[in-house]
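# Analysis of the macromolecular model
What follows is each chain in one-letter form.
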Amino acid sequence: MPVIADAVYAREDLPRVLEVQVLAFLRMEYPSGFRGDDRFRDRLWDGTTHFVRAAGDVLVSHAMVIPIELEREGRLLRIGGVASVLTYPQFRGEGHGASVMRAAGRHIRDQRFDVGMLFCGPEVERFYERLGWTALEPGRVVVVGSPDG
């Protein structure tokens, strides 16, 4: 049986074969993110860090942290945004998603982001809560630079 190994990559160091598999999964799972010219996007976002479980060239599970910086009234807020969390269906229920999420959480702490953030549907909230993430109560969202913000 092949060995499933953990790895962490900056986007520019992510092996191309794994990057293509992440993009293929995202295209199928989140088609709304691949409209217009983005249908042909063949690279993940620059500046991101990728947490991978793979058996050689076969992607098992993935999570990505996007560094986001917002400045408001002279204060800089550094956010570690978690995105593209996936585990291929054949490997679900074996702890791979939890493994990449724990690695992403350690990265957010180690890089001293002010906050870690992710968006998810209610069907996976319990998964993230078991890993120490806290769901926020619904409320008003203020977008920096908006007429209300």
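Residues numbered from 1 in each chain as written. Predicted model: local features only at pLDDT ≥ 70, side-chain atom pairs only at ≥ 80, totals over all residues. Heavy atoms only, no water.

### Quick notes on the overall build of the chain
Scanning the chain from N- to C-terminus turns up three helices and five strands. Walking the chain from its N terminus toward its C terminus, one meets helices and strands in the order β-α-β-β-β-α-β-α. The C-alpha radius of gyration computed for the chain amounts to 16 Å, which stays within 12% of the reference 15 Å derived for 149 residues, consistent with globular compactness. In terms of principal-axis extent, the alpha carbons of the chain reach across some 55 × 40 × 30 Å. Within the chain, buried positions represent 34% of all 149 residues. Put simply, 59% of the contacts in the chain that link residues at least 6 apart link residues at least 24 apart. (Helix = DSSP H or I, 4+ residues; strand = E, 2+ residues; numbered from the N terminus. Rg over C-alpha atoms; globule rule 2.2 N^0.38 Å. Buried < 20%, exposed > 50% of the residue type's maximum accessible area, 1.4 Å probe, protein only. Contact = heavy atoms within 4.5 Å.)

### Regarding the sheet that holds strand 4 (residues 75-87)
Strand order across the open sheet formed by five strands is 1-2-3-4-5, with mixed pairing between neighbours. Every interior strand has two partners, whereas the edge strands, strand 1 (5-10) and strand 5 (115-117), have only one. Sheet twist, expressed as the mean angle between neighbouring strand axes with direction ignored, is 20 degrees. Note: strand 1 against strand 2 (residues 49-55), six bridges, orientation antiparallel. Among the inter-strand pairings, Tyr9 is bridged to a residue of strand 2, identified as His50. Together, strand 1, strand 2, strand 3 (58-72) and strand 4 form the strand contacts of helix 1 (residues 16-29), whose direction differs from that of strand 3 by roughly 80 degrees. Relative to strand 3, helix 2 (residues 96-110) is tilted by about 30 degrees, and along the sheet it contacts strand 1, strand 2, strand 3, strand 4 and strand 5. (Pairing = 2+ DSSP bridges. Axes fitted to C-alpha atoms, helices over the stretch in contact; angles between N-to-C directions.)

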